[in-house]
Amino acid sequence: MDPVIVRNIKIGEGIPKICVPIVGKTQGEIIEAGENICAVGADIVEWRADWYEDVFDLDKAEETAKELRAVLGGLPLLFTFRTSKEGGEKAVETAVYVELNQRMAESGYVDMVDVEVFTGDDAVRAVIETAHSCGVKTVASNHDFHKTPAKEEIVSRLCRMQKLGADILKIAVMPRDKKDLLTLLAATEEMYSEHADRPIITMSMGGTGVTSRLCGEVFGSAVTFGCAGKASAPGQVEARELRRVLEMLHGIV
């Protein structure tokens, strides 16, 4: 499996990379959060644009991306509009969702865009094709805040993302008990060992799932999400603490 190289970061090689989200509502909050993230040692920054109050004004969204890019310097920037049906802050029509992601990919200010795989194959392909034409990487994603699907279903969803041509494959699920956590980890190992030809990102959310955010290197998950201030999903660990654990495990495995 070849890593995905974004700026100076090799995703899918070595210690899992730490991605820290920005969930500001205003341009000022977003820029301030970007400045703070630079101080905590993140490898990747995710702009969760569904929190942004002006996200549907494409000119303002692009201007904010420009300002954020200037603050982050060489840090890779992942643009994500998480829809309400997958745990995000806002609902959006498919055509608007596609146009927003395409505009950000074309802006030159983001390095990756996240596209939810259940948006529909045509929409996903449209975003991926535009992104790739602009030299931007894509993260296909799925988030289940209600349950943990069976291992076979998790693997099937990740394989679907790979077939659609995304550069990185991501799934997050909600555990109801410790067995669900084991299901997610087993699916991760199977996908990594038997199917994936590109990096995968998996996580089990909430308190029960925290272990999955720490042991990605053991099972095959290439990125883990930490927080610097407000978390964007349940179970995120503070970024500095997360790095200490990852480095300790890296020294063992």
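Up top is the structure these notes are about.
Bear in mind the structure is a predicted one, so any value in this text is a computation, not a measurement.

Trainee: Can you explain the packing of aromatic side chains? Please cite residues and give values.
Mentor: Counted according to the given criterion, the structure contains 4 aromatic pairs. Relative to Tyr52, the ring of Trp47 has its centre 5.8 Å away and its plane inclined at 50°; by these criteria the two rings are tilted. In this structure Trp47 comes out as buried when scored by relative accessible area, which is 0%. Here Tyr52 falls in the buried class, since its relative accessible area comes to 2%. In textbook terms, an aromatic cluster arises when at least three aromatic residues are bridged by ring pairs, as seen for Trp47, Tyr52 and Phe79. Above the ring of Phe225, the side-chain terminus of Lys170 is found at 4.4 Å from the ring centroid.

Trainee: Kindly report on helix H1 (residues 27-40), identifying the contributing residues and their values.
Mentor: In a regular helix each residue adds 1.5 Å, so 14 residues correspond to 20 Å; H1 covers 21 Å between its end C-alpha atoms and thus fits that length. Buried residues along H1 sit against strand S3 (17-22), strand S4 (44-48), helix H2 (58-72) and helix H9 (239-252). Just past H1, the residue Gly41 takes up positive phi, approximately 85°.

Trainee: Lay out the environment of Asp121 in plain terms, naming residues and giving numbers.
Mentor: Within the element layout of this structure, Asp121 appears in helix H4 (residues 121-133). The exposure class of Asp121 is partly exposed, given its relative accessible area of 28%. Expressed as a C-alpha distance, the spacing of Asp121 and Arg160, which sit 39 residues apart in the sequence, is 9.6 Å. Asp121 has contacts with Arg160 and Leu164, leaving out every residue within four places of it along the chain.

Trainee: Please provide a residue-by-residue account of the nonpolar core, values included.
Mentor: Within the largest apolar cluster, 59 residues are counted, with the highest numbers of intra-cluster contacts made by Ile22, Trp47, Leu68, Phe79, Met104 and Val113. Not counting chain neighbours up to four residues away, the residues in contact with Val113 comprise Leu78, Phe79, Asn101, Ala105, Val127, Ala131, Val136, Lys137, Thr138 and Val139.

Cut-offs used in this document
Residues numbered from 1 in each chain as written. Predicted model: local features only at pLDDT ≥ 70, side-chain atom pairs only at ≥ 80, totals over all residues. Heavy atoms only, no water. Phe/Tyr/Trp six-rings, centres within 6.5 Å; stacked < 30°, edge-to-face > 60°. Buried < 20%, exposed > 50% of the residue type's maximum accessible area, 1.4 Å probe, protein only. Lys NZ or Arg CZ within 6 Å of the ring centre and 35° of its normal. Helix = DSSP H or I, 4+ residues; strand = E, 2+ residues; numbered from the N terminus. Expected span 1.5 Å × (residues − 1). Contact = heavy atoms within 4.5 Å. Core = buried A, V, L, I, M, F, W, Y, C linked by side-chain atoms within 4.5 Å.

The analysis is restricted to geometry; functional conclusions fall outside its scope.
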